[in-house]
Amino acid sequence: SVSMPSILVIGCGELGAAILNALLAHPSYTREAYPTTLMVRQKTLDALSSVSSRSTELLSFRDRGITLTGGDVEADSPSTITSVVNNYDIVIHASGMTVAPGTQLRLCKCVLEAPNVKLYLPWQFGVDYDVIGPSAGAGLFEEAYNIRQLLRSQSRVSWLIVSCGYFMSFLFGTYWGVIGRDDKHDDVDDHKEGDISTVRALGGWDHYITATTAEDIARCTAELLLVDKEERNKAVYISSDTLTFAAFADVVEHTVGHK
């Protein structure tokens, strides 16, 4: 019998959940043709019996045919990670934003050492690290830049980078500095914390910014995996929108109804 290409999605945050939903909704996807597993921390699986939005989401994926497995790319040993990813043909790292420094590069090395992995999508969903280089942001992006060099230095494992600019949600989180919000709400979710009171330009109002929603990133990722299979060993550039900071401020002003 012909084995079907198996997929491992690591992480179920904003992007991981969106990728799973996009795969499940894609007309070329069936659970039989592309058996898919979601890896989250074991403690998250152990808490599935508790009542929470997180448990509800994970159980919903399980009910729709996604296999759940426990693992931790930060805490597990390299040999353990390699052994886990070696069970899959396609590995997608969707939890890179919050992991400790060095984790992404270590995971990449583990994937390249796993003989059964055929395609890797690293956590490169974001800006074009080839353009900004390893020294930008006081070295903040050096690890991401080095992952690209490592992938290009080998030929056994195919790889695919989805370059999308900023996540759209980042623009509306106060931690990024573009948006300021009042503090009249005490919401746990930073994206919803108070009303927008300020828009700031990074570099200048005439500077352009490219941003993409997690849903659009996920839809493009699913299409690249399931249909555009010739797009490999390269960066693919996508965006929901590209506009100046001045235009972005105008959109925000129109939406909130005041300057």
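Predicted model, so just to flag it, every value in this text is computed and none were measured.

Student: How should the nonpolar core be read in this particular structure?
Tutor: Nonpolar side chains tend toward joint burial in soluble globular proteins. Counting residues in each nonpolar core, the largest one holds 41 residues, and the members touching the most others are Ile 19, Leu 38, Ile 92 and Phe 125. Among the elements of the structure, strand E1 (7-10), helix H1 (14-25), strand E2 (36-40), helix H3 (53-63), strand E4 (90-93), strand E5 (119-121), strand E6 (158-163) and helix H10 (214-226) are those that each provide at least two residues to this core. Grouped together as the second largest cluster of nonpolar side chains are 23 residues, Ile 10, Ile 147, Ile 161 and Ala 235 included.

Student: Got a minute to help me understand the side chain of Thr 244 in this structure?
Tutor: You can see Thr 244 is positioned in strand E12 (residues 241-244). Taking relative accessible area as the criterion, Thr 244 reaches 16% and is therefore assigned buried. In this view, Thr 244 contacts Trp 205, Asp 206, His 207 and Tyr 208; residues no more than four positions away in its chain are not counted.

Student: What is the right way to look at the sheet that holds strand E10 (residues 208-212) in this model?
Tutor: Across a sheet, strands are paired by hydrogen bonds formed along the backbone, either parallel or antiparallel in direction. Across the sheet, which stays open at both edges, the three strands sit in the order E7-E10-E12 with mixed pairing between neighbours. Of all the strands in the sheet, just strand E7 (166-167) and E12 have a single pairing partner and so form its edges. The pairing of E10 with E12 spans four bridges and is classified as antiparallel. Looking across to E12, one finds that Tyr 208 is bridged to Thr 244. Its contacts with the sheet place helix H11 (residues 245-256) against E10 and E12, and it is angled at close to 100 degrees to E12.

Student: Just to check I follow, could you spell out H11 for this structure?
Tutor: Along an α-helix, a turn takes 3.6 residues, which lines up residues three or four apart on a common side. When the terminal C-alpha atoms of H11 are compared, their 16 Å separation across twelve residues agrees well with the 16 Å that a helix rising 1.5 Å per residue should span. Regarding H11, the residues found buried are Phe 245, Phe 248, Ala 249 and Val 252. Down the axis, H11 shows its buried residues gathered within 100 degrees of arc, on one side only. On its buried side, H11 packs onto helix H9 (168-171), strand E8 (179-181), strand E9 (196-199), E10 and E12.

Student: Could you clarify how one ought to interpret the packing of aromatic side chains in this entry?
Tutor: One pass over the structure, following the stated rule, counts six aromatic pairs. Geometrically, the ring pair formed by Tyr 29 and Tyr 34 is stacked, given 6.2 Å between the ring centres and 15 degrees between the ring planes. In this structure, Tyr 29 and Tyr 34 share a single accessibility class: buried. Measuring from ring centre to ring centre gives 5.0 Å for Phe 167 and Phe 170, while their planes differ by 20 degrees; the resulting arrangement is stacked.

Student: Got a minute to help me understand the pattern of salt bridges in this structure?
Tutor: Within the structure shown, the criterion is met by nine salt bridges. A salt bridge links Glu 57 to Arg 54, with the nearest nitrogen and oxygen atoms 3.8 Å apart. In this pair, Glu 57 and Arg 54 are both assigned in helix H3, three residues apart and thus about one turn of the helix distant. Classification of Glu 57 as partly exposed rests on a relative accessible area of 29%. Overall, Arg 54 belongs to the partly exposed group, its relative accessible area being 33%. One salt bridge connects Asp 130 with Arg 148, and the closest N-O pair in it is separated by 3.0 Å. Of this pair, Asp 130 sits in helix H6 (residues 129-132) while Arg 148 is found in helix H8 (residues 142-152), placing the two residues 18 residues apart along the sequence. Arg 148 sits in the buried class, given a relative accessible area of 1%. Salt bridges sharing common partners tie together Asp 128, Asp 130, Arg 148 and Arg 152.

Student: Could you clarify how one ought to interpret the packing of helix H4 (residues 78-85) against helix H5 (residues 103-113) in this entry?
Tutor: Axis angle and axis distance: for two packed helices, these are the angle between their axes and the distance between the axes, and together they describe the pair. Where H4 contacts H5, the axes come no closer than 8 Å and their chain directions differ by 55 degrees. Looking at the two axes, H4 sits oblique to H5. Of the two elements, H4 crosses H5, and the hand of that crossing is right-handed. Contact with H4, carried on its side by Pro 78, Ile 81, Thr 82 and Val 85, involves Arg 106, Leu 107, Cys 110, Val 111 and Glu 113 of H5 and no other residues of that element. For the contact of H4 with H5, the residue count by class is six nonpolar, one polar and two charged.

Quick notes on the rules
Counting starts from 1 at the beginning of each chain's written sequence and moves along it residue by residue. Local features in this predicted model are restricted to residues of pLDDT 70 or higher, and side-chain atom pairs are both shown and tallied only at a pLDDT of 80 or more, whereas totals for entire chains, interfaces and linings draw on every residue. Calculated side-chain values reflect all of the structure's heavy atoms, with hydrogen atoms and water omitted. We call a set of buried Ala, Val, Leu, Ile, Met, Phe, Trp, Tyr and Cys residues a nonpolar core when their side-chain atoms join them within 4.5 Å. Burial here depends on accessible area, computed with a 1.4 Å probe over protein chains only, as a share of the maximum for the residue type. Under 20% is buried, over 50% is exposed, and the range in between is partly exposed. Each helix is a run of H or I in the DSSP string that is no shorter than four residues. Each strand is a run of E no shorter than two, and both are numbered from the N terminus. We call two residues in contact when some of their heavy atoms are within 4.5 Å. Strand pairing is defined by DSSP finding a minimum of two bridges between the two strands. Note on definitions: angles span 0 to 180 degrees between N-to-C directions of axes, and those axes are lines fitted to C-alpha atoms, for helices only across the stretch in contact. Any helix carries an expected span of 1.5 Å times its number of residues minus one. Directions drawn from the helix axis to the C-beta atoms are what define this arc. We call Phe, Tyr and Trp rings a pair once their centres come within 6.5 Å, taking the six-membered ring for Trp, and we label the pair stacked below 30 degrees between planes, edge-to-face above 60, and tilted otherwise. Each reported salt bridge corresponds to a side-chain nitrogen of Lys or Arg within 4 Å of a carboxyl oxygen of Asp or Glu. Orientation labels follow simple angle bins: below 35 degrees gives roughly parallel, above 145 gives roughly antiparallel, 65 to 115 gives roughly perpendicular, and whatever is left gives oblique. Should the near helix be turned anticlockwise from the far one by less than a right angle, the crossing is left-handed, and should it be turned clockwise, the crossing is right-handed. Residues are grouped as follows: Ala, Val, Leu, Ile, Met, Phe, Trp, Tyr, Cys and Pro are nonpolar; Asp, Glu, Lys and Arg are charged; every other residue, Gly included, is polar.

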